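Here's the letter readout for the chains.
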Amino acid sequence: MKSMLKKQKKLILTPEQQDAMRRAGRVNARLMDYIRPHVKAGVTTLSIDNLIHSWTIDNGHIPATLGYQNYPKSCCTSINDVICHGIPDEYTLKDGDIINVDITTIVDGWHGDQSETFFIGDVSEQRRAVTQCAFDCLYLAIDALTPGSRVSTIGETVVPEAHRRGFTVVREYVGHGLGRAFHLDPSIPHFPNRQSRIDRLYPGMCFTVEPMINAGSRYTRSDKVDGWTVRTKDGMASAQFEHTLLMTEDGPEILTQTEYGPRKGHQFECLEADRAGEKANAEST
Ligand code: MF3
Ligand code: CO
Ligand code: CO
């Protein structure tokens, strides 16, 4: 610790500041639970955004994305081949879609940031599998972290797991430190690079892990018209999950744990596969 750079020391929060981050994470998770039943076929992403905006304001908080670098909405809604930063609009969710809803709230000046990928009705096996992979990669990475871990531990966990399943890891968009600001050091790439082999996660640091996993190639293309939407270059599906974490003396603490969302070990299921399974069962009995 003695050799720690001044720059890194600034990222360590006092116990009071850590509690403020716990409160921000808790509020953000409650908002994710609130929005959960509204993410379904027949609703527009704009209506989801409106609900998120109202809930945030009504509870006395601030949607962090609204006006952030001129971003126009209170959440990101990224559907199918959209990797991240999809802007809520008049699109109506339909059976078979996967949608990542990414929510960030400012609570008394502190940021909570998380996302989940939701299934709309029956999804294809490929969309299910890439969603499962993103979810498992998030928890594998969290479980690999210990106090003082190198940031590269995350990439060293995520990349082999994604590749083992035939998927790829996005490199252009990364996790981040957060606190009073939305995006702080350290950068949290989901692949190992030079800086992540240097940076360490000391007790008292807050950061996100938010792997974006592509079914096809890892390459991305950002929308030239809206300036935000990031899609897979090959048009294949992409999925993501995100948590805000606090490194403690005992390891990482998840600050954005929901009450009703999927927990570590959750198995996402395709209704179609279920039905096929049921049919096979019925025939064999
Ligand atoms: N919530 C995203 C993240 O996890 C950032 C969205 S910034 C926006 O870092 F401007 F696109 F909303
Ligand atoms: Co986010
Ligand atoms: Co984030």
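Quick caveat: nothing in here was measured; it's all calculated off a predicted structure.

S.K.: How do you make sense of the packing of helix 4 (residues 125–144) against helix 5 (residues 152–164) when you look at a structure like this?
M.R.: Any two packed helices are characterised by how steeply their axes cross, that is the angle between the axes, and by the distance between the axes. Between helix 4 and helix 5, whose axes approach to 9 Å, the crossing angle comes to 145°. For the pair helix 4 and helix 5, the sense of crossing is right-handed. Contact residues: Cys 133, Asp 136, Cys 137, Leu 140, Ala 141 and Ala 144 in helix 4; Thr 153, Ile 154, Thr 157, Val 158, Glu 161 and Ala 162 in helix 5. Grouping the constituent residues of the contact of helix 4 with helix 5 by class yields 8 nonpolar, 2 polar and 2 charged.

S.K.: Just checking my understanding: could you explain the packing of helix 2 (residues 15–35) against helix 3 (residues 45–58) for this structure?
M.R.: Between helix 2 and helix 3, whose axes approach to 10 Å, the crossing angle comes to 140°. Taken as axis vectors, helix 2 and helix 3 run oblique relative to one another. The way helix 2 lies across helix 3 gives a crossing that is right-handed. In contact with Leu 31, Tyr 34 and Ile 35 of helix 2, helix 3 contributes Ile 48, Leu 51, Ile 52, Trp 55 and Thr 56. Counted by class, the contact of helix 2 with helix 3 contains 7 nonpolar, 1 polar and no charged residues.

S.K.: Whenever I open this one, the UniProt feature "domain: Peptidase M24" (unreviewed entry) in the protein chain confuses me. Can you help?
M.R.: As recorded in UniProt, the sites labelled "domain: Peptidase M24" (unreviewed entry) are residues 20–249. From the first C-alpha to the last, residues 20–249 spans 18 Å; its make-up is 27% helix and 28% strand.

S.K.: Can you help me understand the sheet that holds strand 12 (residues 212–214) in this one?
M.R.: Spatial ordering of the open sheet is given by 7-12-15, a layout of 3 strands whose pairing is antiparallel. Each edge of the open sheet carries a strand with a single partner, namely strand 7 (168–169) and strand 15 (238–240). Pairing analysis gives 2 bridges linking strand 7 to strand 12, with the strands arranged antiparallel. Following the sheet pairing, Val 169 is matched in strand 12 by Ile 213. Sheet strands in contact with helix 4 are strand 12 and strand 15, and its direction is about 30° off that of strand 15.

S.K.: Is there a simple way to explain the sheet that holds strand 13 (residues 220–222) in this structure?
M.R.: Strands belonging to one sheet form pairs held by backbone hydrogen bonds; the direction of such a pair is parallel or antiparallel. Ordered in space as 3-14-13, the 3 strands form an open sheet in which the pairing is antiparallel. Unpaired on one side and paired on the other, strand 3 (82–84) and strand 13 mark the two borders of the sheet. Going across the sheet, the axis of each strand differs from the next one's by a mean of 40°, ignoring polarity. For strand 3 and strand 14 (residues 230–232), the ladder comprises 2 bridges, and the chain directions are antiparallel. Considered in strand 14, the bridge of Val 82 is made with Arg 231.

S.K.: Any chance you could explain the site of ligand 1 here in plain terms?
M.R.: Close to ligand 1 lie 13 residues; Thr 65, Tyr 68, Tyr 71, His 85 and Asp 102 are nearest. Here the residues of the shell around ligand 1 are counted per class, giving 4 nonpolar, 5 polar and 4 charged.

S.K.: In this structure, what is going on with the UniProt feature "binding site: a divalent metal cation 1" (unreviewed entry) in the protein chain? I would like to understand it.
M.R.: Per the UniProt record, the feature "binding site: a divalent metal cation 1" (unreviewed entry) sits at Asp 102, Asp 113 and Glu 242. Separation in sequence by 141 residues is not matched in space for these annotated residues, since their most distant C-alpha atoms are only 7.9 Å apart. Among the secondary structure elements, Asp 102 is positioned in strand 4 (residues 98–107). Excluding its chain neighbours within four sequence positions, the residues that come into contact with Asp 102 are Cys 75, Cys 76, Cys 84, Ser 115 and Glu 242.

S.K.: For this particular structure, what's the right way to read the environment of Pro 189?
M.R.: For Pro 189, the position within the fold is in the loop between strand 9 (184–188) and strand 10 (200–201). Considered as a pair, Pro 189 and Val 158 are 31 residues apart in the sequence and their alpha carbons are 9.9 Å apart. Apart from the residues lying within four places of it in its own chain, the contact partners of Pro 189 are Gly 155, Arg 171, Val 174 and Ser 196.

S.K.: I'm lost on the nonpolar core in this one. Help?
M.R.: If you look at soluble globular proteins, the nonpolar side chains tend to sit buried side by side. Counting 67 residues, the largest nonpolar core has Val 130, Ala 134 and Ile 213 as its most contacted members. Sorting elements by how many residues they give to this core places helix 4 first, with 8 residues.

Conventions used here
Residues numbered from 1 in each chain as written. Chains lettered and ligands numbered in written order. Predicted model: local features only at pLDDT ≥ 70, side-chain atom pairs only at ≥ 80, totals over all residues. Axes fitted to C-alpha atoms, helices over the stretch in contact; angles between N-to-C directions. Helix = DSSP H or I, 4+ residues; strand = E, 2+ residues; numbered from the N terminus. Left-handed = near helix turned anticlockwise from the far one by under 90°. Contact = placed C-beta atoms within 7 Å. Nonpolar A, V, L, I, M, F, W, Y, C, P; charged D, E, K, R; others polar. Parallel < 35°, antiparallel > 145°, perpendicular 65-115°, else oblique. UniProt positions renumbered as here; feature names shortened; annotations may be inferred. Pairing = 2+ DSSP bridges. Near = placed C-beta within 6 Å. Core = buried A, V, L, I, M, F, W, Y, C linked by C-beta atoms within 7 Å. Buried ≥ 20, exposed ≤ 12 C-beta atoms within 10 Å, placed from the backbone.

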